[in-house]
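Commentary on secondary and tertiary structure
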Amino acid sequence: MTPEELLAGPLTPLQAPPYPARLTRYVNREYFSVVYRTDPRALRAVVPEPLQVREPHVRFEVMHMGDVDGFGPYTEAGQVISVHYDGEDGEYLHTMHLDNIGAILAGRELSAYPKTLGCPRLFAENGALVGTLDYGTQRVATATMAYKHLPLAESVAATHITVPTFAVKAIPDYEGGLRVCDLVRMQITDITVKQSWQGPARLQLCAHVMAPVADLPVLEIVSASHVLTDLTLGPATPVHSYLP
């Protein structure tokens, strides 16, 4: 392999890239989101400056990807935190657990999604929508919502999903330091909402050292939604560097 051939497709492993190096289209991406109020002190401990916390709100979400270019179906769960930065409201991506190695690698390497291993599920059972997250054999989160209880305006659902999101992209160097440490901004702009619902919900979080979702405790449920969409993820843009 010549250097020119290597640089034409530099994804590791070279002979079997785990994901396509392009923006990905999601068809039938299903969101189950529970927004809750938490302890402001817990948020200030995990949200990096210069992001600002104004409302102590966290969104726990379970997403089932019905059909994804390059990956196929998979399920993901995590937490995002309401923040403000540079004149706009958005969300900080705090934790993301999923069951597809290609999607984990692509999210971390191509963008700045804080993705790691987990076993989430999303299903309907006895009149309830149920979202769970396991880490190994241990249950760390259970969310339930009355199934398709009340309609939610599609425009409202689209607004929730297309808010700007922020994350930290950190890449180590070869001496134990950091080669890259940026705050990046991402936003979904290409979206079609197919169904959207809202209703009463409950959320239980359990402590786990490798999936610390319970570090942001549930004090009060604010809202819950269930949305089916088609969309394309947007690219990551650096907005702040932490390196001198």
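A brief look at the structure comes next. Being a predicted model, the structure only gives us computed values, none of them experimental. (Residues numbered from 1 in each chain as written. Predicted model: local features only at pLDDT ≥ 70, side-chain atom pairs only at ≥ 80, totals over all residues. Heavy atoms only, no water.)

**Some words on the layout of surface pockets**
The gaps left among the atoms become clear once a water-sized probe is rolled over them. In this structure, the largest pocket spans a volume of roughly 420 Å³. As for the largest pocket, its lining consists of 21 residues, of which Val 35, Arg 59, Glu 91, His 160 and Ser 223 are closest to the centre. Those elements that place two or more of their residues in the lining of the largest pocket are β1 (25–37), β2 (57–68), β4 (88–98), α4 (154–161) and β14 (220–232). By residue class, the composition of the lining of the largest pocket is nine nonpolar, ten polar and two charged. (1 Å grid on protein atoms, 1.4 Å probe; cavity = no way out; pocket = protein on both sides within 12 Å on 5 of 7 lines; lining within 4 Å. Points joined across faces, edges and corners; volume = space filled by probe spheres on them. Helix = DSSP H or I, 4+ residues; strand = E, 2+ residues; numbered from the N terminus. Nonpolar A, V, L, I, M, F, W, Y, C, P; charged D, E, K, R; others polar.)

**Some thoughts on the packing of aromatic side chains**
Taken as a whole, this structure holds two aromatic pairs when the rule is applied. Where Phe 71 meets Tyr 74, the ring centres are 6.4 Å apart and the plane angle is 80°; that geometry is what we call edge-to-face. Comparing Phe 71 with Tyr 74 shows no difference in burial state: the two are buried. Ring geometry for Tyr 85 versus Phe 166: centroids 5.5 Å apart, planes at 70°, classification edge-to-face. One end of the pair, Tyr 85, is in strand β3 (residues 74–85); the other, Phe 166, is in strand β10 (residues 165–172), and 81 residues separate them in sequence. The ring of Tyr 26 has Arg 29 sitting right over it, with the charged end atom 4.6 Å from the ring centre. One residue, Lys 115, lies across the ring of Tyr 113, its end atom 5.3 Å from the ring centre. (Phe/Tyr/Trp six-rings, centres within 6.5 Å; stacked < 30°, edge-to-face > 60°. Buried < 20%, exposed > 50% of the residue type's maximum accessible area, 1.4 Å probe, protein only. Lys NZ or Arg CZ within 6 Å of the ring centre and 35° of its normal.)

**Focus on empty space enclosed by the protein**
Per the stated rule, a full pass over the model turns up two cavities of 30 Å³ or more. The volume enclosed by the largest cavity comes to roughly 250 Å³. Lining the largest cavity are 24 residues, with Arg 29, Tyr 31, Tyr 113, Thr 165 and Ile 188 positioned closest to its centre. Those elements that provide at least two residues to the lining of the largest cavity are β1, β2, β3, β4 and α4.

**Re α4**
Residues of α4 that are buried: Ala 157, Ala 158 and Ile 161. Each buried residue of α4 sits inside an arc of 100° when the element is viewed along its axis, so together they form one side. Packing partners of the buried residues in α4 comprise β1, β12 (190–198) and β14. (Arc of directions from axis to C-beta. Contact = heavy atoms within 4.5 Å.)

**Thoughts on helix α3 (residues 101–109)**
Within α3, the full set of buried residues consists of Gly 102, Ala 103, Ile 104, Ala 106 and Gly 107. Close packing links the buried residues of α3 with β3, β4 and β5 (115–117).

**Describing the pattern of salt bridges**
Per the stated rule, a full pass over the model turns up ten salt bridges. The salt bridge partner of Asp 134 is Arg 139, with a shortest N-O separation of 2.2 Å. By relative accessible area, which is 17% here, Asp 134 ends up buried. Given a relative accessible area of 40%, Arg 139 falls into the partly exposed group. Asp 230 serves as the salt-bridge partner of Lys 194, at 3.0 Å between the closest nitrogen and oxygen. Of this pair, Lys 194 sits in strand β12 while Asp 230 is found in strand β14, placing the two residues 36 residues apart along the sequence. Looking at Asp 230, the relative accessible area reads 12%, which means it is buried. Put simply, Arg 59, Glu 61 and Glu 91 are held in one network by salt bridges that share partners. (Salt bridge = Lys/Arg side-chain N within 4 Å of Asp/Glu carboxyl O.)

**Things to note about the pairing of β12**
Regular strands have side chains that alternate between both faces of the sheet. Pairing between strand β9 (residues 150–151) and β12: two bridges, direction antiparallel. Its bridge partner lying in β12, Pro 151 is registered against Trp 197. Bridge count between β12 and β14: eight bridges; the pairing is antiparallel. Each residue of the ladder has a partner; that of Ile 191, found in β14, is Leu 231. (Pairing = 2+ DSSP bridges.)

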